[in-house]
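Working through the structure, step by step
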Amino acid sequence: MPGKTLARDVTKHDIATLSNDIVAGKFGVPSVSNARHMRKAASGLFNWAAEAGRDYVTASPCVNLPKLDPEHPRTRVLSEDEIRIFWHGLDRDDLPWDRRTRLALKLELVTMLRSNELLSAHRTELFDLDGEHPRFDVPLKRVKKRRVIQQPLSSLAVEIIREALASKDQQFVFESPVYEGEPIHRTAMATALRGTKHEKNKDKTKTPGLCELLGLKPFTPHDLRRTAATLAGDLAFDDAAIAKCLDHAVVKKNEAIVPSVTGRVYVHSPRMQEKRSVLDSVAAELRRIIGTPAPTKQAEAALRLVA
């Protein structure tokens with residue numbers, strides 16, 4: 001498909017060819033997932049272009065495409081030993097990666113939020129950090145499902161956020177070390193874990209990733225969400241409660257099917273108490289694993305005075 005082809009001239013064969021090229025690795029690492037994302041983005045674009053009143057194209061070419069191979073489900077979960085090495089390793093002073101990026105990785109493990117949801121956390125999105133019910137409201141523009149997430153914050157999450165907010169003038173929790181007043185880049189966490197030694201650009205610094213530096217089998221930020229969810233499951237929380245923390249659609253509760261329309265239309269409660277119970281328990285389990293006790297009320301009060 002030529003690079004300057006008009007939208008109205010793109011055919012389903014062009015889309016299929018591009019999809020096959022992505023799967024074959026002609027534009028980078030071979031990836032069925034990336035081909036699937038391309039198809040979804042192209043379909044959205046052409047459906048928009050074909051809407052009445054626009055008519056830039058007569059119909060979407062993203063139809064009757066050959067099925068893509070199924071993706072292998074990712075199952076990477078950090079063991080207790082790996083969590084301990086990872087957590088304490090992030091506190092080392094000799095690591096080449098920015099401290100706030102490392103704190104963001106900790107927060108993903110503690111909160112179960114997606115990278116995109118927490119990396120641009122703004123001071124105005126944090127509530128009751130000094131109170132009994134701290135929470136983080138993620139605006140819908142950053143949420144995969146385009147709905148506001150109200151995520152309870154455990155005491156461990158609050159500790160991480162307080163350290164990241166180094167000054168009262170700082171507006172973004174994870175402010176960029178390069179661009180003052182801006183959040184760190186959306187790929188910062190993944191890059192820090194993976195490193196840049198694989199980069200083909202010879203002008204870029206080749207820096208080993210945190211996984212290599214800490215002697216851990218490679219994993220992604222998303223694997224931290226899976227690890228936290230696994231800890232919650234091991235603590236006997238049911239899938240429905242864990243799904244709420246992950247902002248996943250709940251379709252089954254105690255083996256009973258819950259109609260999806262219930263979640264979409266009728267039930268808008270964030271069920272904060274249920275989510276807080278899960279996240280507080282996961283934080284307590286993490287404290288046990290890493291050997292860090294919860295702060296006393298006196299210590300919490302002292303931290304608030306410092307902040």
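Check the entry above for the structure.
Scope of this entry: the structure provided in the associated data block. Sequence order as written defines residue numbering, which begins from 1 separately in each chain. Thresholds applied to this predicted model are a pLDDT of at least 70 for local features of residues and 80 or more for the giving and counting of side-chain atom pairs; totals over whole chains, interfaces and linings are not thresholded and use all residues. To get the side-chain values, take all heavy atoms of the structure and skip hydrogens and water.

Some words on the packing of helix α10 (residues 239-246) against helix α12 (residues 272-290)
To obtain an axis, a line is fitted to C-alpha atoms, over the contacting stretch when the element is a helix, and the angle between two such axes runs from 0 to 180 degrees between their N-to-C directions. Each helix is a run of H or I in the DSSP string that is no shorter than four residues. Each strand is a run of E no shorter than two, and both are numbered from the N terminus. Between α10 and α12, the shortest axis-to-axis distance is 9 Å and the interhelical angle comes to 90°. The pairing of α10 with α12 is recorded here as roughly perpendicular in orientation. When α10 is examined against α12, the residues A241, K244 and C245 are found in contact with a partner set consisting of E274, K275, V278 and L279. Here the contact of α10 with α12 is composed, by residue class, of 4 nonpolar, no polar and 3 charged. Here the angle decides the label: under 35 degrees means roughly parallel, over 145 means roughly antiparallel, 65 to 115 means roughly perpendicular, and every other value means oblique. We call two residues in contact when some of their heavy atoms are within 4.5 Å. Residues are grouped as follows: Ala, Val, Leu, Ile, Met, Phe, Trp, Tyr, Cys and Pro are nonpolar; Asp, Glu, Lys and Arg are charged; every other residue, Gly included, is polar.

Some thoughts on the environment of T58
Following the sequence through the fold, T58 ends up in the loop between α2 (32-49) and α3 (80-89). In this structure, the C-alpha to C-alpha distance between T58 and R8, residues 50 residues apart in sequence, is 7.3 Å.

Some details on the sheet that holds strand β3 (residues 149-152)
Strand pairing requires that DSSP identify at least two bridges connecting the strands. On the basis of which strands lie adjacent, the open sheet formed by 3 strands has the order β1-β2-β3 and antiparallel pairing. The open sheet terminates on both sides in strands that have one partner only, identified here as β1 (126-127) and β3. As judged from the 4 bridges shared by strand β2 (residues 135-138) and β3, these two strands associate in the antiparallel manner. The residue bridging D137 from the neighbouring strand is Q150, located in β3. Taken strand by strand, α12 contacts β2 and β3, and its axis lies near 45° from that of β3.

Points about the packing of aromatic side chains
Centres within 6.5 Å are what make two rings of Phe, Tyr or Trp a pair, Trp counting through its six-membered ring; a difference in plane orientation under 30 degrees is then read as stacked, over 60 as edge-to-face, and the rest as tilted. Under the counting rule described, the total for this entry stands at 2 aromatic pairs. With a centroid separation of 5.3 Å and an interplanar angle of 80°, the aromatic rings of F86 and F219 are classed as edge-to-face. Of this pair, F86 sits in helix α3 while F219 sits in the loop between α8 (210-213) and α9 (221-234), and the two are 133 residues apart along the sequence. The rule is simple: take the accessible area with a 1.4 Å probe, protein chains only, and divide by the maximum for that residue type; under 20% is buried, over 50% is exposed, in between is partly exposed. Judged by relative accessible area, which is 5%, F219 ranks as buried. Counted as over-ring charges are cases with an Arg CZ or a Lys NZ within 6 Å of the ring centre that also lie within 35 degrees of the ring normal. Against the face of F127 rests R135, its NZ or CZ located 4.3 Å from the ring centre.

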